[in-house]
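One-letter residues, chain by chain:
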2 protein chains.
Amino acid sequence: MANTKKYVYLFSEGNGSMRELLGGKGANLAEMTNLGMPVPQGFTVSTEACTRYYDDGRAIAPDIQEEILSYLTKLEEITGKKLGDTSNPLLVSVRSGARASMPGMMDTILNLGINDEVAEVMAEKTKNPRFVYDAYRRFIQMFSDVVMELPRDKFEELLSVMKDDRGVKLDSELGAGDLKELVGQFKAYYKERMGTDFPSDPKVQLMESVKAVFRSWDNPRANVYRRMNDIPYSWGTAVNVQSMVFGNMGDDSGTGVAFTRDPATGERKLYGEFLMNAQGEDVVAGIRTPQTIDQLKETNPEVYEQFADIANRLENHYRDMQDMEFTIEHGKLYMLQTRNGKRTAQAALKIAVALVNEGMCTKEEALLKIEPKQLDALLHPRFDGKALKAAKPVASGLPASPGAACGAVYFTAEAAKEHSVDGPVLLVRAETSPEDIEGMSVSQGILTARGGRTSHAAVVARGMGTCCVAGCSALHIDEKAGTLTVAGNVVREGDFMSIDGVTGNVYIGKIPTVEAEVAGEFATVMEWADEVRDLTVRANADNPKDAATALKFGAQGIGLCRTEHMFFDPERIPAVREMIVSQTEEQRRKALSKLLPMQRGDFEGIFKAMLGKPVTIRLLDPPLHEFLPTEDEDIRALAEDMGLTFESLRHTVHELHEVNPMMGLRGCRLPICYPEIGEMQTQAIIEAAINVMKESGQEVVPEIMVPLVSSGAEIRYLRKLITTTADSVISKSGVNLRYKVGTMIELPRAAVSADRIAQEAEFFSFGTNDLTQMSYGLSRDDSGKFLPTYLDRKIYESDPFEKFDILGTGRLVEYAAKLGRSTRPDIHLGVCGEHGGDPSSIEFFHQAGLDYVSCSPFRVPIARLAAAHAAIKYPRKK
Amino acid sequence: MANTKKYVYLFSEGNGSMRELLGGKGANLAEMTNLGMPVPQGFTVSTEACTRYYDDGRAIAPDIQEEILSYLTKLEEITGKKLGDTSNPLLVSVRSGARASMPGMMDTILNLGINDEVAEVMAEKTKNPRFVYDAYRRFIQMFSDVVMELPRDKFEELLSVMKDDRGVKLDSELGAGDLKELVGQFKAYYKERMGTDFPSDPKVQLMESVKAVFRSWDNPRANVYRRMNDIPYSWGTAVNVQSMVFGNMGDDSGTGVAFTRDPATGERKLYGEFLMNAQGEDVVAGIRTPQTIDQLKETNPEVYEQFADIANRLENHYRDMQDMEFTIEHGKLYMLQTRNGKRTAQAALKIAVALVNEGMCTKEEALLKIEPKQLDALLHPRFDGKALKAAKPVASGLPASPGAACGAVYFTAEAAKEHSVDGPVLLVRAETSPEDIEGMSVSQGILTARGGRTSHAAVVARGMGTCCVAGCSALHIDEKAGTLTVAGNVVREGDFMSIDGVTGNVYIGKIPTVEAEVAGEFATVMEWADEVRDLTVRANADNPKDAATALKFGAQGIGLCRTEHMFFDPERIPAVREMIVSQTEEQRRKALSKLLPMQRGDFEGIFKAMLGKPVTIRLLDPPLHEFLPTEDEDIRALAEDMGLTFESLRHTVHELHEVNPMMGLRGCRLPICYPEIGEMQTQAIIEAAINVMKESGQEVVPEIMVPLVSSGAEIRYLRKLITTTADSVISKSGVNLRYKVGTMIELPRAAVSADRIAQEAEFFSFGTNDLTQMSYGLSRDDSGKFLPTYLDRKIYESDPFEKFDILGTGRLVEYAAKLGRSTRPDIHLGVCGEHGGDPSSIEFFHQAGLDYVSCSPFRVPIARLAAAHAAIKYPRKK
């Protein structure tokens with residue numbers, strides 16, 4: 001049968017725009033070839049071949065094998081050499097190359113095509129048998145390791161034994177004979193383990209290597225990397241087969257890597273290192289100390305000039321900082337790779353601004369060169385670089401919330417709070433619970449022994465922008481004794497520890513931290529982002545401190561102020577519990593009257609902090625169990641307060657127990673069943689707004705948001721309750737206060753009934769956390785047990801609580817936006833789930849036509865940049 | 001301002017088709033007027049006036065008041081009498097009349113327009129002061145009661161005192177003077193309680209009465225009735241103002257009610273009763289024994305003939321059995337009302353068949369005259385009528401599952417099972433749990449002290465078709481002592497009790513029951529229904545017994561066989577628990593191998609029972625907590641079985657605890673995480689099908705259904721697992737077995753991703769219970785606490801778990817059907833939630849274009865008829 005689809009491309013057939021098909025490496029090799037640069041020629045097996053490999057049950061179909069061999073023939077014609085030939089043998093390298101750079105995959109096999117006969121011919125031709133047998137033994141080692149998955153150690157061991165035997169220390173001290181003998185040993189070991197001879201047929205070597213690259217696309221490291229970086233599994237990888245050039249042909253040969261700008265600082269200068277008489281892996285191995293690229297200028301000015309010229313041309317061509325690999329063979333320069341270089345966040349900002357100033361690209365193009373997530377590193381305290389180098393971690397956990405923290409450790413929220421007035425504290429617990437919220441908020445950092453990236457500690461810490469390391473199972477906390485044991489060290493309460501929320505490392509002792517700076521290029525880039533984005537960016541903040549942080553990072557308002565977070569304060573929780581267990585409206589009103597002044601004070605603080613900017617306050621929305629007393633002593637204390645018997649209160653608490661609290665008496669169901677709760681909260685919000693308006697003379701516009709609405713009737717009922725209460729307070733005050741009433745859209749039924757809900761709601765805020773939960777029927781509290789299996793088996797591409805589920809839940813958002821606007825064309829639409837700070841989710845929200853996203857204060861700059869990216873990539877029709 | 005909208009209609013302006021505007025009573029009075037029948041004239045205030053009354057904050061707007069008064073003038077012109085006139089006074093009745101008959105509302109005020117002056121004039125004109133003052137005191141009583149909500153008792157008490165005082169026993173023995181005195185006492189009491197004089201202005205009396213009718217639309221009784229009968233709150237009621245005729249004018253006057261056919265049996269003959277010299281309320285009050293309508297033929301043949309002629313004309317006109325009210329005033333017949341008569345289920349069937357045989361209507365029209373829900377009464381055992389009359393209930397609970405049962409009481413499922421071999425048993429428990437399932441299945445009836453209509457006992461009993469009375473709080477069960485106390489009686493285990501699942505009544509002792517009969521007219525009607533319906537009707541059945549019942553009632557297959565119900569068997573539960581707590585695949589496979597033969601046996605039984613008809617078997621779908629051992633002794637026993645320590649197993653059980661089990665590790669998540677579970681179930685299903693095919697030689701087509709699917713990837717993964725396992729079993733067997741793989745659509749995300757899911761699923765079955773839960777974010781286990789408030793405050797019109805939520809969740813069903821068919825045009829679509837047996841929900845499923853519904857076996861005939869109704873009302877484009 002005729003093979004109609006093309007799976008293989010010569011470098012000269014491709015170009016830089018063919019990344020999807022040829023992978024980044026292949027496309028760039030093709031582009032450099034087109035630019036007339038000195039590239040050892042070769043061909044690329046496309047990503048579509050990889051997809052077919054998986055579709056065909058992990059096999060390379062015969063038609064593709066044939067095509068590969070026919071391109072090998074073309075390559076042999078170009079180079080004038082032949083693979084496995086005994087007169088003029090061709091050696092090739094085989095490298096993986098996906099659309100995006102993927103460190104988790106198989107990287108490189110060098111010197112492929114060598115066997116006993118070829119080696120002999122080459123030894124004779126090059127008059128350099130040592131070089132040849134060194135290349136041979138390296139090939140066997142690499143092939144066995146990456147293609148056949150034999151343990152690398154064994155080969156290293158045989159090498160060591162040989163050196164000991166010969167009484168030498170360095171590999172380079174071994175002679176050709178020694179290396180030839182080693183080749184024999186390697187092959188013997190291979191046969192012993194594999195049961196077959198080491199493949200001497202170069203075509204077999206080639207096909208097995210291509211297969212191994214395809215296979216490596218699905219290895220666990222690659223899967224983890226992909227999930228972390230939002231790279232779809234469906235992309236597949238390409239394979240590059242390139243004729244070998246040798247940097248280890250003698251002292252006029254060498255190999256190196258270089259960047260067109262400093263990847264750490266962004267400074268404009270050629271930056272890199274190289275080794276003479278070496279192959280690529282020697283640079284990485286670190287046995288010999290490489291020279292800096294500047295030294296090449298001195299030792300080999302001609303090659304340096306040629307390279308510097310190429311580097312300059314590449315940067316101008318790609319209009320971005322380049323990361324290049326090169327080899328010098330007998331004084332001749334070859335380019336082996338170029339790509340846009342990875343860089344630190346600091347460097348990314350500096351380079352972006354510089355490229356615009358140098359006229360290399362537009363602001364929009366420059367913005368797209370900065371990964372929004374990278375900014376995170378600039379928004380939190382970091383350890384002082386020098387001090388960190390001197391420190392040694394004693395354990396590590398999951399990096400759950402970025403930043404660095406150092407403080408005296410305490411094992412209870414109460415102790416942390418008590419000592420926080422004396423200096424920085426670190427809260428260390430087995431796991432945290434809602435009762436710990438105040439202790440968490442006063443701590444520099446939070447360290448837990450149990451729980452994952454979506455545990456209570458992690459979620460709350462990220463919301464607060466507080467550094468957190470979670471699930472550090474090496475910790476053994478003895479709360480009673482006031483001690484913690486880790487890696488054989490005993491730490492007492494009050495002793496100092498330091499944690500790194502970016503790496504997950506845990507240290508004993510103090511490591512000084514430095515505050516985040518927001519200025520210079522960072523400010524410039526944010527300005528550019530603000531110019532182009534369509535989405536407004538608000539922040540989720542529950543208190544004046546968070547509101548101030550949000551403002552500092554450029555939030556345009558508060559999109560979500562959760563009133564229940566204020567309720568966990570230990571001074572308030574008794575009144576909150578009293579409200580919940582009340583059996584009569586009278587009891588409940590008594591409890592509410594205690595809470596009213598506290599709530600009013602909270603809101604005054606937030607309105608003051610955000611003066612002139614909108615603040616959306618959500619009415620109470622807890623699953624009840626979060627507030628209920630569970631310990632007998634708490635029940636006893638509350639019963640005493642309320643003049644009840646212990647038994648009767650315990651009975652009430654038992655009655656309030658819910659089988660599925662997430663779908664129980666919460667959200668708008670509370671003020672519908674107990675209108676006095678909604679009245680109290682409305683009164684507190686409106687009175688606070690009036691007080692702040694009177695005091696400041698400036699307008700305050702509170703937006704009252706009703707959670708967990710499922711139907712038009714619910715919001716109609718509560719809108720009436722809210723406006724009745726609010727209007728009565730306003731008319732008494734004589735102040736002309738405007739306010740809005742809107743809803744969360746966080747239930748699937750709300751999304752599909754949005755036309756009716758919009759009759760009563762002036763704004764919608766998509767609560768994507770709950771919407772995801774209900775849409776999937778997936779409890780966030782419980783999914784941790786099986787979500788890893790789902791990710792491993794690729795049932796889900798990513799955790800839908802981290803990256804918004806565009807394909808499914810996204811449809812509900814789209815329906816709701818459309819239905820809502822059909823009723824109320826000017827309805828204000830936003831998002832206030834955690835997805836509001838996730839760049840790929842923001843891209844979707846922009847496309848869905850929403851008006852704003854709201855995220856935690858520390859993600860505001862990320863959201864601003866991500867919104868700009870979205871607007872550049874998908875311009876809205878205005 | 002001009003009043004452009006018409007709110008009031010003379011009887012002569014309306015007709016029978018104007019039910020929506022005039023209510024049933026008003027439309028029929030208009031129709032009878034048009035037919036030239038003797039109807040006392042009047043006018044109807046429309047349902048739209050009622051809606052405006054509520055829109056205007058419970059007030060009758062001035063323009064409507066004016067319109068009412070102008071129609072009053074027209075009525076005065078027609079009758080030649082005037083309201084409140086002292087020469088020729090008009091008296092009127094005021095009656096409510098909604099679109100559907102609504103016993104919960106205010107019914108009637110008679111004799112309105114009377115006051116002291118009018119009474120005097122009338123006494124003179126009629127020469128019958130006794131009649132006049134009797135009418136007067138009745139009016140005060142009715143007006144005070146239904147308009148002013150004064151307690152009725154007090155008036156009755158004054159009447160009693162008067163009779164005692166006069167030394168008489170009957171009202172009729174009181175003279176005109178006594179009654180006049182009573183009028184004075186009534187007015188004095190009215191003033192004492194209300195603080196104002198009794199309104200003597202007839203127009204005030206009229207307007208207050210109209211208001212009272214409107215107000216009664218929203219009283220608690222009316223709301224309960226509406227919810228029970230699916231009548232929307234938005235309809236409103238009309239008010240009929242009609243000139244009075246008097247059946248209490250003397251012995252040539254009278255009043256009565258009659259049916260054109262016997263409402264109990266359906267027999268064709270005039271059926272009814274009347275009282276001479278009486279007003280309507282006397283017939284109802286039952287103080288005097290009414291005469292049968294046949295007696296009227298003897299005493300007043302002319303009036304009888306006239307009435308019989310009218311009755312006949314009305315039945316022919318409406319082509320249905322009529323329920324009529326009439327009054328004879330001085331020998332002249334007046335028709336006060338006609339409507340399609342309420343009838344027993346038995347009568348409904350007989351009348352429907354008769355009407356068709358008599359050529360009165362088509363089969364389709366006849367089908368529409370039978371309320372599907374009514375059939376329920378014919379499908380369960382009933383108490384023997386005579387025996388029931390002699391029995392007296394000792395308590396009552398909620399009628400949770402229809403039927404009647406009589407048996408020896410036992411307080412544990414084990415005891416019930418043990419004694420069920422000796423004779424009929426009744427399981428009596430505080431509440432039931434999944435462990436009781438076997439004891440429930442062997443009992444004639446289930447009686448619980450706690451829980452509502454959606455409690456475990458109620459839901460399971462309805463599913464089984466077993467009679468159940470739930471929440472009978474008067475029961476005090478002492479399980480240890482083996483006694484039960486109710487209303488002062490002590491019942492011991494083994495004693496007999498009887499319960500009525502239709503009324504909720506509970507009896508001590510034996511009441512014999514009679515089995516349901518399914519034949520005659522019932523069979524004829526079902527045949528007609530089957531001819532016209534488009535929806536296929538299947539049944540939910542988990543065992544051969546239920547499957548046989550389903551077949552008997554006409555099920556065309558099994559739409560849902562829940563495999564987990566088989567797992568609760570006490571002999572199996574240890575193996576099930578072992579499977580759940582297994583830490584390794586090996587442990588799990590060991591447990592599964594114990595379950596395999598049991599499951600295979602279950603499926604063989606069902607396939608045999610349903611031979612030739614499709615059977616959909618759902619893979620395991622429990623929230624785990626339903627299976628987990630909770631008691632220490634169960635954990636200890638299981639640990640011993642498995643060779644584990646108690647502590648380690650308790651730890652595992654603790655680890656498996658879920659915060660929201662309904663959204664936890666259940667459904668398809670189980671076989672995705674533990675493929676061996678899915679393999680075992682598939683193997684059991686396929687082997688059972690093969691065995692039955694081999695044995696019977698007939699084809700068996702199992703349909704394997706995957707629950708809780710949220711994405712295409714899940715069903716892709718499981719389809720592969722199922723087909724791999726199934727195909728391997730089939731190929732070994734040599735039998736040519738076909739099977740299908742499909743999914744539940746019970747998560748909102750599944751509904752909106754149905755296009756992708758349909759790529760892998762051959763059928764969808766909407767699990768409307770879970771879909772409702774997830775769509776609303778409403779836990780069925782927990783909603784009982786606040787749902788009543790929601791219904792009271794009209795936030796929800798009905799319980800969405802009973803009546804499918806068409807407006808919200810229905811949209812998800814519509815999306816899913818459309819998306820599913822876009823991928824796979826011939827995909828088979830059905831419903832297997834409890835809504836599959838609810839007539840109004842079935843109407844929606846028909847309109848949404850589904851192929852089938854599946855419901856509990858005892859609802860199959862109801863579903864067949866409801867599906868026929870839907871097809872008649874909303875013909876599908878073929």
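Keep in mind that what you see is a predicted model, and the values were worked out from it rather than measured.

(A) Quick peek at the overall build of chain A. A tally of helices and strands in chain A yields 35 helices and 33 strands. Since a compact globule built from 878 residues should have a radius of gyration of about 29 Å, the 32 Å found for chain A is in line with a globular shape. Taken over the C-alpha atoms alone, chain A extends approximately 100 × 65 × 55 Å along its principal axes. Across chain A, every contact between residues at least 6 apart in sequence was considered, and the portion connecting residues at least 24 apart equals 68%. When the accessible surface of chain A is totalled, it reaches about 34600 Å², and 49% of it is carbon and sulfur. Charge separation in chain A, taken as the distance between the mean sites of 101 positive and 124 negative side-chain charges, equals 3 Å.

(B) Representation of the environment of Leu379 of chain A within the structure. All names here are of chain A. On the secondary structure map, Leu379 appears in the loop between helix 14 (363–368) and strand 13 (382–383). Taking the C-alpha atoms as reference, Leu379 lies 9.6 Å from Ile862; in sequence the two are 483 residues apart. Setting aside its immediate chain neighbours within four residues, Leu379 contacts Ala516, Phe522, Phe553, Phe858, Pro861 and Ile862.

(C) Molecular detail of the sheet that holds strand 19 (residues 467–470) of chain B. Residues and elements named next belong to chain B. Across the sheet, which stays open at both edges, the eight strands sit in the order 14-24-23-16-17-18-19-15 with mixed pairing between neighbours. Looking along the sheet, the strands with just one partner apiece sit at the ends: strand 14 (395–396) and strand 15 (398–401). In terms of strand pairing, strand 16 (residues 404–410) meets strand 23 (residues 496–500) through five bridges, oriented antiparallel. Within the sheet, the bridge partner assigned to Ala404 lies in strand 23 and is Asp500.

(D) Structural detail: the relation of the copies chain A and chain B. The transform that puts chain A on chain B rotates by 180 degrees and translates by 0.1 Å along the axis, for an RMSD of 0.2 Å. Taken together, the rotation and translation describe the operation of a two-fold axis.

(E) Expanded view of the interface of chain A and chain B. Taken together, the contact pairs 54 residues of chain A with 54 residues of chain B. One can count four salt bridges joining chain A with chain B. In this structure, Asp805 of chain B and Arg749 of chain A form a salt bridge, with 2.6 Å as the shortest nitrogen-oxygen distance. A per-element tally of the side of chain A that touches chain B places helix 33 (residues 809–823) of chain A first, with five residues. Across the side of chain A that touches chain B, the residue classes break down as 26 nonpolar, 14 polar and 14 charged.

(F) Spotlight on the pattern of salt bridges. Counted under the stated rule, the structure contains 116 salt bridges over all chains. Between Arg864 of chain A and Asp530 of chain A there is a salt bridge, and its shortest N-O distance comes to 2.6 Å. Placement of Arg864 of chain A in helix 35 (residues 860–873) and of Asp530 of chain A in helix 19 (residues 521–532) is noted, with a sequence separation of 334 residues between them. Using a relative accessible area of 31% as the deciding quantity, one classes Asp530 of chain A as partly exposed. A salt bridge links Arg339 of chain B to Asp323 of chain B, with the nearest nitrogen and oxygen atoms 3.1 Å apart. Placement of the pair is Arg339 of chain B in strand 12 (residues 332–340) and Asp323 of chain B in strand 11 (residues 322–329), with a sequence separation of 16 residues. For Arg339 of chain B, a relative accessible area of 31% puts it in the partly exposed group. The class of Asp323 of chain B is buried, set by a relative accessible area of 9%. Salt bridges sharing partners connect three or more residues here, namely Asp134, Arg137, Arg138, Lys163 and Asp171 of chain A.

(G) Geometry of the side chain of Thr47 of chain B. The residue Thr47 of chain B is located in helix 2 (residues 47–55) in this model. Once residues within four sequence positions are removed from consideration, Thr47 of chain B is found in contact with Glu20, Leu21, Gly23, Trp235, Gly236, Thr237 and Ala238 of chain B.

(H) Highlighting the nonpolar core. In terms of nonpolar packing, the biggest core is built from 329 residues, with Met579 and Phe607 of chain A together with Met579 and Phe607 of chain B touching the most fellow members. Residues within four places of Phe607 of chain A in sequence aside, it is in contact with Val615, Ile617, Ile685, Ala688, Ala689, Val692, Val700 and Pro702 of chain A.

(I) Fine view of the side chain of Asn219 of chain B. Following the sequence through the fold, Asn219 of chain B ends up in the loop between helix 8 (202–216) and helix 9 (220–228). At 3.1 Å, the side chain of Asn219 of chain B forms a polar contact with the backbone nitrogen of Arg221 of chain B.

(J) Highlighting the confidence of the model for chain A. Across chain A, the average pLDDT comes to 92, with 99% of residues at or above 70. Listed scores for the predicted complex are pTM 0.84 and ipTM 0.82.

(K) Representation of the packing of aromatic side chains. For the structure shown, the criterion picks out 47 aromatic pairs over all chains. Relative to Tyr796 of chain A, the ring of Tyr776 of chain A has its centre 5.2 Å away and its plane inclined at 65 degrees; by these criteria the two rings are edge-to-face. Of this pair, Tyr776 of chain A sits in helix 31 (residues 768–776) while Tyr796 of chain A sits in the loop between helix 32 (787–792) and helix 33, and the two are 20 residues apart along the sequence. Neither Tyr776 of chain A nor Tyr796 of chain A differs from the other in exposure class; each is buried. With a centroid separation of 4.9 Å and 80 degrees between ring planes, the pair formed by Phe131 of chain B and Phe246 of chain B is classed as edge-to-face. Of this pair, Phe131 of chain B sits in helix 5 (residues 129–147) while Phe246 of chain B sits in the loop between strand 7 (237–243) and strand 8 (254–259); the two residues are 115 residues apart in sequence, bridging distant segments of the chain. You'll find Phe131 of chain B and Phe246 of chain B in the same group, each marked buried. The ring of Trp217 of chain B carries Arg226 of chain B above its face, with NZ or CZ at 4.1 Å from the centroid. When the ring centre of Phe646 of chain B is taken as origin, the NZ or CZ atom of Arg636 of chain B, which lies over that ring, is 4.2 Å away.

(L) Region of the structure containing the packing of helix 6 (residues 152–166) of chain B against helix 7 (residues 176–194) of chain B. Residues and elements named next belong to chain B. In contact at an axis separation of 10 Å, helix 6 and helix 7 are set at 145 degrees when each is read in the N-to-C sense. Helix-helix and strand crossings are classified by hand; for helix 6 and helix 7 the assignment is right-handed. Contacts between helix 6 and helix 7 involve Lys154, Phe155, Leu158, Leu159, Met162 and Arg166 on the former and, on the latter, Asp178, Glu181, Leu182, Gln185, Phe186 and Tyr189. Split into classes, the residues belonging to the contact of helix 6 with helix 7 amount to seven nonpolar, one polar and four charged.

(M) Highlighting helix 12 (residues 301–318) of chain A. Residue and element names in this part refer to chain A. The first and last C-alpha atoms of helix 12 sit 25 Å apart over 18 residues, in line with the 26 Å expected at 1.5 Å per residue. All of the buried residues in helix 12 are Val303, Tyr304, Phe307, Ile310, Ala311, Leu314, Glu315 and Tyr318. All buried residues of helix 12 project into a common sector of 135 degrees when viewed along the axis, lining one side. Buried-residue contacts for helix 12 involve helix 1 (19–34), strand 8 (254–259), helix 11 (293–299), strand 11 (322–329) and strand 12 (332–340).

(N) Highlighting unusual backbone geometry. All names here are of chain A. Unusually for a residue other than glycine, Glu149 sits at a positive phi of about 60 degrees. Structurally, the position occupied by Glu149 is in the loop between helix 5 (129–147) and helix 6 (152–166). According to the relative accessible area criterion, Glu149 is exposed, its value standing at 60%. In this model, His330 sits at a positive phi of 45 degrees, which is unusual for a non-glycine residue. Checked against the element boundaries, His330 lands in the loop between strand 11 and strand 12.

(O) Representation of the pairing of strand 32 (residues 828–831) of chain B. Residues and elements named next belong to chain B. Both strand 31 (residues 763–766) and strand 32 contribute to a ladder of four bridges, which runs parallel. The residue bridging Phe764 from the neighbouring strand is Leu829, located in strand 32. Read as a crossover between parallel neighbours, the route from strand 32 over helix 33 (residues 839–847) to strand 33 (residues 852–855) is right-handed.

(P) Region of the structure containing helix 19 of chain A. Residues and elements named next belong to chain A. An ideal rise of 1.5 Å per residue puts 16 Å on twelve residues; helix 19 measures up with 17 Å between its terminal C-alpha atoms. For helix 19, the complete set of buried residues consists of Phe522, Val525, Met526, Trp528 and Ala529. Buried residues of helix 19, seen end-on, are gathered within an arc of 160 degrees and therefore sit on one face of the element. Residues of helix 19 that are exposed and angled more than 90 degrees away from the buried face: Glu527 and Glu531. Those residues of helix 19 hidden inside the fold are in contact with helix 13 (345–357), helix 14 and helix 35.

(Q) Highlighting the packing of helix 23 (residues 632–642) of chain B against helix 24 (residues 646–656) of chain B. Residue and element names in this part refer to chain B. Running from N to C, helix 23 and helix 24 point in directions that differ by 115 degrees, and their axes come no closer than 9 Å. Crossing of helix 23 over helix 24 shows right-handed handedness. The segment helix 23 lies against helix 24, with Asp632, Ile635, Arg636, Leu638 and Ala639 engaging Phe646, Leu649 and Arg650. Counted by class, the contact of helix 23 with helix 24 contains five nonpolar, no polar and three charged residues.

Conventions and cut-offs
- In this numbering scheme, every chain counts its residues from 1 along its sequence in written order.
- Whichever chain is written first becomes A and whichever ligand is written first becomes 1, with later ones labelled in order.
- Where local features are concerned, this predicted model is filtered to residues with pLDDT of at least 70; where side-chain atom pairs are given and counted, the filter is 80 or more; whole-chain, interface and lining totals use all residues.
- The basis for every side-chain value is the complete set of non-hydrogen atoms in the structure, without hydrogens or water.
- Numbered from the N terminus, helices here are DSSP runs of H or I no shorter than four residues, and strands are runs of E no shorter than two.
- Note that the radius of gyration is over C-alpha atoms, with the globule rule given as 2.2 Å times the number of residues to the power 0.38.
- The contact rule is simple, with two residues in contact once any of their heavy atoms fall within 4.5 Å.
- Here, Shrake-Rupley sampling with a 1.4 Å probe gives the accessible areas, and only protein chains in the shown set may cover a residue.
- Neither His nor the chain ends contribute to the count of charged residues, in which Lys and Arg are positive and Asp and Glu negative.
- By convention, the charge on Lys lies at NZ, on Arg at CZ, on Asp at CG and on Glu at CD.
- Two strands pair if DSSP finds at least two bridges between them.
- The fit set for superposing copies consists of C-alpha atoms from residues with pLDDT of at least 70 in both; the fit itself is least squares.
- The salt bridge criterion pairs a side-chain nitrogen of Lys or Arg with a carboxyl oxygen of Asp or Glu, the two atoms within 4 Å.
- For this scheme, ten residues count as nonpolar: Ala, Val, Leu, Ile, Met, Phe, Trp, Tyr, Cys and Pro. Four count as charged, namely Asp, Glu, Lys and Arg, and the remainder, Gly too, count as polar.
- Burial here depends on accessible area, computed with a 1.4 Å probe over protein chains only, as a share of the maximum for the residue type. Under 20% is buried, over 50% is exposed, and the range in between is partly exposed.
- The term nonpolar core refers to a set of buried residues drawn from Ala, Val, Leu, Ile, Met, Phe, Trp, Tyr and Cys, joined through side-chain atoms within 4.5 Å.
- We define a polar contact as two N or O atoms separated by no more than 3.5 Å, with the added condition that, inside protein, one atom must be a possible hydrogen donor and the other a possible acceptor, whereas residues neighbouring each other in sequence contribute only through side-chain atom pairs.
- Confidence per residue, as judged by the predictor, is encoded in pLDDT with a range of 0 to 100.
- Under the pairing criterion, centres of Phe, Tyr and Trp rings, with the six-membered ring standing for Trp, must be within 6.5 Å; the plane angle then separates stacked pairs below 30 degrees from edge-to-face pairs above 60, leaving the rest tilted.
- Comment: the charge-over-ring label is applied if NZ (Lys) or CZ (Arg) is within 6 Å of the ring centre and within 35 degrees of the ring normal.
- Here an axis means a line fitted to C-alpha atoms, over the contact stretch when the element is a helix, while the angle between two N-to-C directions is reported on a 0 to 180 degree scale.
- Note: crossing handedness is left-handed where the near helix turns anticlockwise from the far helix by less than a right angle, and right-handed where it turns clockwise.
- Here the expected length of a helix is defined as 1.5 Å per residue gap, with one fewer gap than residues.
- Note that the arc is computed from the directions linking the helix axis to the C-beta atoms.
- The crossover handedness rule: strands pointing away from the viewer, path from first strand over the helix to second strand clockwise, crossover right-handed.

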